[in-house]
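A structural walkthrough
Okay, here's what each chain looks like letter by letter:
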Amino acid sequence: MIIALVVIAVVLCLNVLVQQKFIRTYTYTELEYRGYSAQDVCEITVKHSYLNRLLSYNEWRIAVEFEEEPDILFWFTYRDDQIVFQGVSSEPMLDKESVLDYSKRFRNGTLLDE
């Protein structure tokens, strides 16, 4: 019984690691489709949660930080085999107009055009 649980845990961990690599690559592809190159990206963080899946939340959360926009995270999720843009956040929190402006510029592909 213990061996079976260990094997299941290892398989689940390996699945998450493989999926993270796939989703990171797919995120770069999605960003290129929107007009951003890999050189524009500072960091992509992919997080997974089985608990979120059980609670019907987004299982995969993706945070993208651009070189020219430090400390501003562009959030995505991976669901139904697609990368879906969710919104913008930062620390300290941006005001509503700035969030809407960043979101609009990102979607239009003009975020880094300044």
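Everything discussed here concerns the structure shown above.
Residues numbered from 1 in each chain as written. Predicted model: local features only at pLDDT ≥ 70, side-chain atom pairs only at ≥ 80, totals over all residues. Heavy atoms only, no water.

1. Digging into the sheet that holds strand β2 (residues 60-66)
Taken in spatial order, the four strands make up an open sheet running β1-β2-β3-β4, and their pairing is antiparallel. In this open sheet, the two edge strands, each paired with only one partner strand, are β1 (41-48) and β4 (82-90). Averaged over all pairs of adjacent strands, the angle between their axes in this sheet comes to 25°, without regard to strand direction. Relative to β2, β1 runs antiparallel, the two being bridged by seven bridges. Bridged to Thr-45 within β2 is Ala-63. (Pairing = 2+ DSSP bridges. Helix = DSSP H or I, 4+ residues; strand = E, 2+ residues; numbered from the N terminus. Axes fitted to C-alpha atoms, helices over the stretch in contact; angles between N-to-C directions.)

2. Some details on unusual backbone geometry
The step from Glu-91 to Pro-92 runs through a cis peptide bond, and the omega angle for that step is 0°. Although it is not a glycine, Asp-81 adopts a positive phi angle of roughly 60°. A relative accessible area of 57% means that Asp-81 is categorised as exposed. (Buried < 20%, exposed > 50% of the residue type's maximum accessible area, 1.4 Å probe, protein only.)

3. Observations concerning the nonpolar core
By size, the foremost hydrophobic cluster in this structure holds 23 residues, and its most contacted members are Leu-31, Ile-62, Val-64, Phe-66, Phe-74, Phe-76 and Phe-106. If you list the elements that add at least two residues to this core, you get α1 (2-33), β1, β2, β3 (69-79), β4 and α3 (96-108). Residues within four places of Ile-62 in sequence aside, it is in contact with Ile-23, Thr-27, Ile-44, Thr-45, Val-46, Phe-74, Trp-75, Phe-76, Thr-77, Tyr-78 and Ile-83. (Core = buried A, V, L, I, M, F, W, Y, C linked by side-chain atoms within 4.5 Å. Contact = heavy atoms within 4.5 Å.)

Such coordinate-based values are descriptive only and should not be taken to indicate function.
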